Amino acid sequence: MTPSLHLDLLKDEERYSSSPIRMRVLFPLFAVSAALGLSLWWGLLAFRVHNQMVLKVALEKSAAELKPAHNALLGLRAQERDTSAAIRQIQFYQNSRLRFGETFLKLASCVPENMQLTEMRINPPAPITIDPQSPTPGPTNTVEQVTLRLAGRTSGERSTEVINTFITALRTPAFTNLIRSVEIPKGAFRQEFAKDPQSREALLFELICGCSPRRFE
């Protein structure tokens, strides 16, 4: 049997690839697809930027319209803060009140007949400036010391004894709920010379009483 003879008569440039899509078609198609994708992406990005700019302009316009109301609100809040600070300070002073009325009524009953009180002075609270920025506006200290100054005159042979009796009365339980201590300051006793020779000389005295403190709580 004679063997088969195969002859390849095709030139190299006449041979075709086995791929159904040729490379000279694939490259242009890929380039066009990439260009379309980039164009679409840039378009979407530009659209989003435009929307954000429109939203920014709308927000700025709304903020400008609301600014007067916002300033008015800030003014009302500042006024409310100042008013609250003043009310709290008033409450501090209200809680720190010391009532001397009952004590003075008892004081009148223990003053001897030959003694006369010429002065009763209570030191007032120190003036305090309200600071709305402070977390606790009002008195700087929570406790303030209170003193009662008593001054008077007495006459007679036992003037010193009368004053000592009066001091002893101030140290009894009837007064200790308010008057905590009684001190005789230096130079508290002075002799008052009578202008009329027929009148008796009087002894002037002064007492400093330490009272219950004011508590600003």
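Residues numbered from 1 in each chain as written. Predicted model: local features only at pLDDT ≥ 70, side-chain atom pairs only at ≥ 80, totals over all residues. Heavy atoms only, no water.

Caption draft 1: Spotlight on the overall build of the protein. Helix and strand counts for the protein stand at four helices and five strands. Of the regular secondary structure in the protein, the N- to C-terminal order runs α-α-β-β-α-α-β-β-β. Taking all 217 residues of the protein together, the buried fraction comes to 20%. Accessible surface, the protein as shown: approximately 17,000 Å² in total, 59% of it carbon and sulfur. (Helix = DSSP H or I, 4+ residues; strand = E, 2+ residues; numbered from the N terminus. Buried < 20%, exposed > 50% of the residue type's maximum accessible area, 1.4 Å probe, protein only. Areas by Shrake-Rupley, 256 points an atom, 1.4 Å probe, with all protein chains shown as cover.)

Caption draft 2: Just the nonpolar core, in detail. Counting residues in hydrophobic clusters, the biggest one holds 22 residues, and the most contacted among them are Leu150, Phe166, Leu170, Ile179 and Leu207. Among the secondary structure elements, those contributing two or more residues to this core are β2 (143-155), α3 (159-170), β3 (179-183) and β5 (202-215). Here this core takes six residues from α3, the largest share from any one element. Once residues lying within four places of it in the same chain are set aside, the contact partners of Leu170 are Leu107, Leu150, Phe175, Ile179, Val182, Leu207 and Cys209. (Core = buried A, V, L, I, M, F, W, Y, C linked by side-chain atoms within 4.5 Å. Contact = heavy atoms within 4.5 Å.)

Caption draft 3: Layout of the pattern of salt bridges. The tally for this structure, following the rule as stated, stands at six salt bridges. Here Glu60 ties to Lys56 by a salt bridge, and the two come within 2.6 Å at their closest N and O atoms. Of this pair, Glu60 and Lys56 both sit in helix α1 (residues 23-95), four residues apart, which is roughly one turn of the helix. Using a relative accessible area of 44% as the deciding quantity, one classes Glu60 as partly exposed. With relative accessibility at 42%, the residue Lys56 sits in the partly exposed group. One salt bridge in this structure joins Arg121 and Glu119, with 2.7 Å as the shortest N-O distance. Residue classification places Arg121 among the exposed positions, given a relative accessible area of 52%. (Salt bridge = Lys/Arg side-chain N within 4 Å of Asp/Glu carboxyl O.)

Caption draft 4: Highlighting the side chain of Arg214. Relative to the helices and strands, Arg214 resides in strand β5. The class for Arg214 is buried, based on a relative accessible area of 9%.

Caption draft 5: How the structure looks around the packing of aromatic side chains. This structure, assessed with the given rule, holds two aromatic pairs. With a centroid separation of 5.0 Å and 75° between ring planes, the pair formed by Trp41 and Trp42 is classed as edge-to-face. For Trp42, a relative accessible area of 53% translates into the label exposed. (Phe/Tyr/Trp six-rings, centres within 6.5 Å; stacked < 30°, edge-to-face > 60°.)

Caption draft 6: Geometry of α3. Counted at 1.5 Å a residue, the expected span for α3 with its twelve residues is 16 Å, and the 17 Å between its end C-alpha atoms agrees. Those residues of α3 that fall on the buried side of the exposure criterion are Ser159, Val162, Ile163, Phe166, Ile167, Ala169 and Leu170. In an axial view of α3, the angular spread of the buried residues amounts to 160°, which keeps them on one side of the axis. (Expected span 1.5 Å × (residues − 1). Arc of directions from axis to C-beta.)

Caption draft 7: Broad picture of the state of the cysteines. Scanning all chains against the criterion turns up zero disulfides. Free of any disulfide, Cys209 has its nearest neighbouring cysteine sulfur in Cys211, separated by 6.3 Å. (Disulfide = S-S within 2.5 Å.)

Caption draft 8: Representation of the confidence of the model for the protein. Of the residues in the protein, 76% have a pLDDT of 70 or more, and the chain-wide mean is 79. Highest mean pLDDT in the protein belongs to β3 (90); lowest belongs to strand β4 (residues 190-192) (79). (pLDDT = per-residue confidence, 0-100.)

Caption draft 9: Spotlight on the pairing of β2. Pairing between strand β1 (residues 115-122) and β2: seven bridges, direction antiparallel. Following the sheet pairing, Met120 is matched in β2 by Leu150. Across twelve bridges, the pairing between β2 and β5 is antiparallel. Following the sheet pairing, Leu150 is matched in β5 by Leu207. (Pairing = 2+ DSSP bridges.)

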